[in-house]
Amino acid sequence: MTATEEKTKDDDFQSCESFDTWGEFSIDEDEGVTTKWDAFEKLDGLKQYTKYKTEDNNLPTRILKLCVCILTFLLLTTCAVVSKTGLIYMTTQIRTLLDTPGNDVVGASAIWYWILWLCVSDCVPLLISLYRCFMIVLFRKTKWPSKSVFLSVALIETAHSVGLSIFVFQVLPNVGPLMGVLLMTAVALVPSIILTLFRAQRDGLRTGKTVIDVLAIGMQGSIFVWLYFYTANTEMIIWISASLVLISFGFWESVSDERFTTGVFGTISRAKQNLNSARYRTYTILNIWKICVSFGVMVYFGVTKYNLAIFFKPLSGLNNNVADESSTISHRDVYWSFFLQTISSFVGYIVAVFAVRTQIQIVGFTLPLVTSHLVSIVAVFLMSCLNTEDISHNFIHRIAVAGNECHPVGQFIGTFFISNYAWFSVFWFVSFLWIAGHIWFPNIEKLAKSSRIFCRPFYCNLLFAESLMLNRINDHILTDKFTAEEVMGSYLSLLSIDINKSQSFHDISSPLCDNHVTKGDKKPTKIFLCATMWHENENEMLNLLKSILRLDKDQSARRLAKTYFGKIDTDYYEFEAHILFDDAFEPTPEGDVINEFVVFFMDSLVKAIRNLNGVPVTELPFVKIPTPHGGRLEWTLPGDNRLTLHLKNKLFVRHRKRWSQVMYMYYLLAWKLKNEIQHDTPEHQHSIVQKTFILALDGDSNFRPRAVLQLVDLMKRDKKVGAACGRIHPIGTGPMVWYQKFEYATGHWFQKAAEHVFGCVLCSPGCFSLFRANAIMSPNVMSKYTVNATTPKEYLQCDQGEDRWLCTLMLKQGFRIEYCAASDAKTYSPESLHEFFNQRRRWMPSTIANNFDLIMDGKLFVAQNETFSWLYIAYQSALFCISLIAPSIVILLLTGACASAVPAFRRDKVYGIWKSLGLVGGPVVFYAIICLKAKREMQLQMASVLTVLYSIFMLLVGIGMTLVLSQSVFCAPGHFLVFSIMVPFVLAALAHPYEATCLPHMIWYWLSVPSMFVLLFIYAICNMHSVAWGTREKPQPEPEKEEPQIKSTQTKAPLFVKEGNAISDIDQLPAIQVHEKTEAVIKMGCDYAFQLMCCLYKTPDRDDIEEAAMQIRINQFEDRVDNLMHQLNIPLVERVETEATPKNQLKAKLSDVIAGSPRVKFVSPTAKPYERNNLLNPYWIEGKRLSGGELRVVSEEESVFWNELIEKYLKPLDKDDVQEAKVNALLVKLRNKSVIGLYTLNLLSIALIFFIQLNPAMQIPWILNTDMSFDVFGMVFLLFYIVVMFVQMIGMLYHRTGTFMYVIAATKIFPDKPKAMSAEKDLSHNALRYASELQNLASSSYFTNTRDPSSDYTRRHANKRAFQILNDKNRRLGSARYEDIFLQRITRLSRHANRGSVEELALSRGLSIQKDTAAAMWKRVSKKLSVKDKHRPEIDTRKEDVQYEF
């Protein structure tokens, strides 16, 4: 082959890979064939956004994070420098006053003034910490420490406070400002010793780190050597040594390794764990004690060092005009110094926490704190070198004259750094950086709590930067420990896993952050996607399936990058998808078959793969497995992840969503998970369960992989989070969807955010929520979730709102439910008012029942759940009470608005308000009667009519109110009410810019207020006795009328089906039935025992028919047995050939026999029923749509599991008319009580408030205009609304801050540029992007030299070659895997990279790869394949034209 021919052939291959240049080809959805002429690209909006605007390349977010990093660095550096120099300034004043000649009473008073505010500055963080710890102890569940731990920590904290006070009151005023700054890094002697001991015990004495640790001890200990040379004052040596050593005791926690379990180190480790579990109670007491210690030391120094007689002298008499200007002091100087030093430390602490939580620790935490020390040294040094005579009396002057004689810079360096031996400070600083070296290597999850960031609950105001660095937790030595008894007593015991309590282990540890993976913790995060389906349409199914396929593609790319490129992916996960189909079968005379919705699902799966990957596909191989609950279908997706469709037969198991959830939770957790971990050690069992999650979905959910990972991040941050939900966006068309868009938006903006911040989210919706496995397996969760509803309350609470009921059970067990606004999901919402009312008819009574349960069991919630407090219970109680009288409030507000807006009512001062009340309330009373007397369909029709009328009424009232307000005085009560209502929503929209489009829907929301707050409430309460689902109901077919002719007859032992003059596919005939109507038939018989049919037509020979049919049945049975043995890998037994008639001759014989009697059907009176086994050969597996699937059977153990589960929980309840009548009577009775109670409550509210409004004595003047007045009810309502909205606004802003921090943490500032890095580094950083592109099934990857003119030739020939491939019927996507495509393309890529001058290869539009990177990529892949040959693709290396096997 010539070079030209080879190049042409190679270009042809490139063409088949690069037809993306011509756009994605249109694919006919019915035939799966590419339309040749329709080659123009068409992308839906979401696909277009994700293709050209990925999250990694979001330029505005990257710019925002860059600005945040710069601002954080500058802000924290400034705060640390101001805090340190402020402390130096305050201590300098003490030295200045002491050196003032003739230190009289005024000077002593000034000294007391300064040391008093220094002590207050030291106590400010302690007071804040005291408040925080006290509130947590008061409103959350906390523990007491052991006595020994408490006494030890109290002794350590006392030493730390005493040392800090000595350093501030005695050391800093005497050593001078510059030496004081240098000494601040010599406070790590005790941490250096502890670090060395722990590391030597763990790694040995001869390791390099241990040697450096010993050197660090020497450098920190060099302070004693320095003191020997620095001063001969024994008292000063003692004070300096004591202060530095005592201060260093307070930083012992950050260097204590928790992984030790024995000896002295184990004792320290267990003490630290005990302190962590009881820290808030411990520091509630210790903060008070430390404040007392600080003031006690201050008084001691005042008594011993200064004049005691003037301590009680009133400070207000302090003279501000002392003769010596160098000692001039004023209240303003003290207050400003204190204010700046305290505020800068507090703001710096907030910024430091922000930097760590957003994962910008290096830029926003470590570098600023290290830099601040150097900047402070330079600043104080320069000020010390200034000539004080040329400086005005200000801040710089006061530092410059303190303790040092000013000299030129060179002379000062020689005097200070050499004569005073200040060069020792280099040792202190270097060793300090080594001891706190863990701050350079953060390994913490996003949005970690402050208790996960710092050891002690707050910061030190006097040694701000140093305390933050030494107080930062070492992420690499921190573990979360659990005793074996705790593990055995929680969820592992529920799985019946035997754990020997006599095992010689003391505790079970697991890394607190998944970023740090040890050898014993290699199990990745496992997610079970579980969706429930019923009667979703094809479009809704497509939404869910596309979401699953996107997750499959993302997981495959992560797995390939990890497996072949060695990518360290902290977000790596594995998943399985399980979909439970309710009522999946429909009966036929021959047996149960899958219904039309299952067929829709299978077709939708093919269409979803086709649309997502852009490849022609007609079918995806599947496995059909009969099970005790019906059956299941399994697919292996292109990313090697499994999709399982569980088909529920309502004759075998209970239907509806709650029982589907019970099915998959028990199957996945009590069966699959148990089998996976039963042979592991308790440590591994705990680790696996902690990383297992269930993603609950609806059949129409639409989400992205990033949304799932955001929920997982939320779970990883706190192990007490039992569930997490995202932001749900309703989709659809029509006014009802518009209303729900604004309703969902405000509910998430205000209500869920406030619940998340002030307490806990009460409901995690089942359409998109992530549940923790061990939370579901906790006691009293699933055991109560599986109860049979027998009382009216259980029917409302358990069956009508299963998601809220499950969350209530988890909350009672102490788990927290959180809300992540950054995790978005979409779901179809009701588009008609009838469907919407039926949906809320289920939700509203369930919400009322669960909220009532929350209030009544408030004591239990507060005791069991640390996120609940009595304040939060009171908040929920207030909202609950308002929700019960919401109809009366809306009626009264509309009455007042109507009376003011309608001129006729406004002029009638006596009866105008009554007329308005009649106009507004009359239809409500009428509808209330309709809901009690009429059928539900009539109720819904009337609700539709009234909704339209009330919307018109609201529009007219709105116009009238606008005219009235425009003519009234500014700042009238009406203006203030409108302002208070509108402003929160506008601010919320501004805080959610991507959701601001929901704000215009507020118009329709406002128009629908009477319908949704009054009519819907009445409809839900009056129909609360109905337990029907109400949505997606399949219309029941009308019963067929009996024909005058003789009816068709079905037998259980059929032989054949006759259609016309020929037998249709006799091999697949499992049943026989007389379908045709005969004109003259006489039939007699006794059920199935004997049947005789006498016809007027000639019948064939009976013996011949029976003989041929029997032989066919025998052959069919043998074929099924052979197939089953083949599926079970059982060797086939060789049969002895007989002289029996061949199968094809039997068919012909039987056809010939009955061919002469085309209108006669004969049923054998002695035929036996065809034996079927629901676990081996149910009728549904023989359906036409399932004919291509591989048949498998469940194992005996799984069959036993299902049978036991069905028998205990899922077995359909026997129909009991008496019991049903009793339950219905109880439900009606509850409905009647509820109607009477709520109607009475609202009528009383209307009467009370209405007559208050009519009473002139109850009118109060308006604050802004005394000529105007309004009633007390209006004032109370306005105040309550303002308070609630203010609380929710605070919660929303706090939550939005957390969301902003998450976005910052998840954003990369600079995309990795291959040109700017080596090949290995390029591959390590961009492995996920390369793997994602190389696995693309749509053949969008093309390997050409982007600078080679021949690429134009490639593009010109792309069309022809691409069409040849796509039109080949044998190249359909069947068992194609992303991994196969990945390996084949990377093989091809390596060959292109090895050719001559090619320097850059284009993988896709906007993504290219360097030649060296391609070589490094192939090197890693080939190395991996050499270890695992079974993954090597079968590629003929002798051929250049390597084809992809679709």
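Residues numbered from 1 in each chain as written. Predicted model: local features only at pLDDT ≥ 70, side-chain atom pairs only at ≥ 80, totals over all residues. Heavy atoms only, no water.

A. Region of interest: the pattern of salt bridges. Inspection of the entire model under this criterion finds 31 salt bridges. A salt bridge links Glu538 to Lys607; the shortest N-O distance between them is 3.0 Å. Note that Glu538 is positioned in helix 20 (residues 538–564) and Lys607 in helix 21 (residues 596–613), a separation of 69 residues in sequence. With a closest N to O distance of 2.8 Å, Arg840 and Glu743 form a salt bridge. Highlighted residues: Arg840 in helix 30 (residues 833–856) and Glu743 in helix 25 (residues 735–758), separated in sequence by 97 residues. Exposure remark for Arg840: the relative accessible area of 9% places this residue in the buried category. Bridged by salt links that share partners, the residues Arg559, Asp640, Arg1377, Glu1379 and Asp1380 form one connected network. (Salt bridge = Lys/Arg side-chain N within 4 Å of Asp/Glu carboxyl O. Helix = DSSP H or I, 4+ residues; strand = E, 2+ residues; numbered from the N terminus. Buried < 20%, exposed > 50% of the residue type's maximum accessible area, 1.4 Å probe, protein only.)

B. Geometry of the packing of aromatic side chains. Following the criterion strictly, the structure yields 41 aromatic pairs and no others. Between Phe742 and Phe985 the ring centres are 5.5 Å apart and the planes differ by 50°, which places this aromatic pair in the tilted class. Of the two residues, Phe742 sits in helix 25 while Phe985 sits in helix 37 (residues 973–991), which places them 243 residues apart along the sequence. Both residues of the pair, Phe742 and Phe985, belong to the buried class. In textbook terms, an aromatic cluster arises when at least three aromatic residues are bridged by ring pairs, as seen for Tyr739, Phe742, Phe750, Phe836, Phe837, Phe985, Tyr1005, Phe1013 and Tyr1019. Positioned above the aromatic ring of Trp659, the side-chain terminus of Arg654 is 4.5 Å from the ring centre. In this structure, Lys720 is placed above the aromatic ring of Phe815, and the distance from its NZ or CZ to the ring centre is 5.1 Å. (Phe/Tyr/Trp six-rings, centres within 6.5 Å; stacked < 30°, edge-to-face > 60°. Lys NZ or Arg CZ within 6 Å of the ring centre and 35° of its normal.)

C. Helix 23 (residues 682–690), seen in detail. Across the nine residues of helix 23, seven count as buried, placing the element largely inside the fold. Buried within helix 23 are the following residues: Pro682, Gln685, His686, Ser687, Ile688, Val689 and Gln690.

D. Local environment of the environment of Pro923. Its location among the elements puts Pro923 in helix 35 (residues 912–933). Here Pro923 falls in the partly exposed class, since its relative accessible area comes to 23%. Considered as a pair, Pro923 and Leu949 are 26 residues apart in the sequence and their alpha carbons are 9.7 Å apart. Excluding its chain neighbours within four sequence positions, the residues that come into contact with Pro923 are Gly918, Leu946 and Tyr950. (Contact = heavy atoms within 4.5 Å.)

E. Just the pairing of strand 9 (residues 642–648), in detail. Within strand 9, six of the seven residues are buried, which leaves it mostly tucked inside the rest of the structure. In this structure, strand 4 (residues 573–581) lies alongside strand 9, joined through five bridges in parallel fashion. Counted as the bridge partner of Phe581 is Leu647 from strand 9. One ladder, built from seven bridges, connects strand 8 (residues 630–636) with strand 9; its direction is antiparallel. Bridging from a neighbouring strand, Gly630 pairs with Lys648 of strand 9. (Pairing = 2+ DSSP bridges.)

F. Region of interest: the side chain of Thr342. In this fold, Thr342 is placed in helix 12 (residues 331–357). Note on Thr342: relative accessible area 8%, which makes it buried. For Thr342, the contacting residues outside a window of four places in its chain are Ser121, Val124, Tyr459 and Asn461.

G. Looking closely at the packing of helix 22 (residues 657–677) against helix 29 (residues 802–812). In contact at an axis separation of 9 Å, helix 22 and helix 29 are set at 50° when each is read in the N-to-C sense. With respect to their mutual orientation, helix 22 and helix 29 come out oblique. Of helix 29, the residues touching helix 22 (which contributes Lys657, Arg658, Gln661 and Met665) are Glu802, Asp803 and Leu806. Per-class residue counts for the contact of helix 22 with helix 29 are two nonpolar, one polar and four charged. (Axes fitted to C-alpha atoms, helices over the stretch in contact; angles between N-to-C directions. Parallel < 35°, antiparallel > 145°, perpendicular 65-115°, else oblique. Nonpolar A, V, L, I, M, F, W, Y, C, P; charged D, E, K, R; others polar.)

H. How the structure looks around unusual backbone geometry. Despite not being glycine, Asp583 shows a phi value in the positive range, around 50°. Since its relative accessible area comes to 17%, Asp583 is described here as buried. Positive phi, normally seen in glycine, also occurs at Asp640, with a value near 65°. Assignment of secondary structure puts Asp640 in the loop between strand 8 and strand 9. Look at Asp640 and you get partly exposed, because its relative accessible area is 30%.

I. Empty space enclosed by the protein, seen in detail. In total, this model carries 14 cavities of 30 Å³ or more according to the counting rule given. Here the largest cavity defines a volume of roughly 220 Å³. If you trace the largest cavity, you find 20 residues lining it, with Leu126, Lys290, Arg456, Tyr459 and Cys460 closest to the centre. Elements that contribute at least two residues to the lining of the largest cavity include exactly helix 4 (105–139), helix 5 (147–175), helix 11 (279–305) and helix 18 (464–471). Counted by class, the lining of the largest cavity contains nine nonpolar, eight polar and three charged residues. (1 Å grid on protein atoms, 1.4 Å probe; cavity = no way out; pocket = protein on both sides within 12 Å on 5 of 7 lines; lining within 4 Å. Points joined across faces, edges and corners; volume = space filled by probe spheres on them.)

J. Quick peek at the pairing of strand 10 (residues 692–698). The buried fraction of strand 10 is high, at seven of seven residues. Relative to strand 10, strand 3 (residues 525–533) is paired through seven bridges, and the arrangement is parallel. Residue pairing in the sheet places Ala531 in a bridge with Leu697 of strand 10. Bridge count for strand 10 against strand 13 (residues 768–772) is five bridges, and the pairing is antiparallel. Each residue of the ladder has a partner; that of Leu695, found in strand 13, is Leu770.

K. Inspection of the confidence of the model for the chain at higher detail. When the pLDDT values of the chain are averaged, the result is 75; 71% of them are 70 or greater. When the criterion is pLDDT under 50, residues 1–57 qualifies, and its contacts beyond four places in sequence or with other chains add up to 121 contacts. Across residues 1149–1169, where pLDDT falls below 50, the model places 55 contacts with residues more than four positions away in sequence or in other chains. (pLDDT = per-residue confidence, 0-100.)

L. Highlighting the sheet that holds strand 9. The sheet built from eleven strands is open, its strands ordered 11-14-12-13-10-3-4-9-8-7-21 with mixed pairing. Every other strand in the sheet has two partners, leaving strand 11 (702–703) and strand 21 (1190–1191) as the edge strands with one partner each. For strand 7 (residues 622–627) and strand 21, the ladder comprises two bridges, and the chain directions are parallel. By the bridge assignment for strand 21, Lys624 is matched with Leu1191.

M. Structural detail: the state of the cysteines. Counted under the stated rule, the structure contains zero disulfides. Among the cysteines around Cys1022, which has no disulfide bond, Cys931 carries the closest sulfur, lying 4.9 Å off. Residue Cys1022 is classed as buried on the basis of its relative accessible area, which comes to 0%. (Disulfide = S-S within 2.5 Å.)

N. Looking closely at the packing of helix 25 against helix 30. Running from N to C, helix 25 and helix 30 point in directions that differ by 35°, and their axes come no closer than 10 Å. Packed against helix 25, whose contacting residues are Met736, Tyr739, Gln740, Glu743 and Tyr744, the element helix 30 presents Leu833, Phe836, Gln839, Arg840 and Trp843 at the interface. Of the residues that constitute the contact of helix 25 with helix 30, the class distribution is six nonpolar, two polar and two charged.

O. Quick look at the environment of Trp144. Its place among the elements puts Trp144 in the loop between helix 4 and helix 5. The class for Trp144 is exposed, based on a relative accessible area of 56%. For Trp144, the residues in contact, after removing those within four places along its chain, are Ala278, Arg281 and Ile285.

P. Broad picture of a nonpolar patch on the surface. A contiguous nonpolar patch, built from Leu75, Trp336, Phe339, Leu340, Ile343, Phe346, Val347 and Ile350 and spanning about 690 Å² of accessible area, is present on the exposed surface. Top contributing element to the nonpolar patch by residue count: helix 12, with seven residues. Within the element layout of this structure, Ile350 appears in helix 12. Given the relative accessible area of 43%, Ile350 is considered partly exposed. (Patch = residues over 30% accessible without salt bridge, like charges linked within 9 Å, V, L, I, M, F, W, Y side chains within 5 Å. Areas by Shrake-Rupley, 256 points an atom, 1.4 Å probe, with all protein chains shown as cover.)

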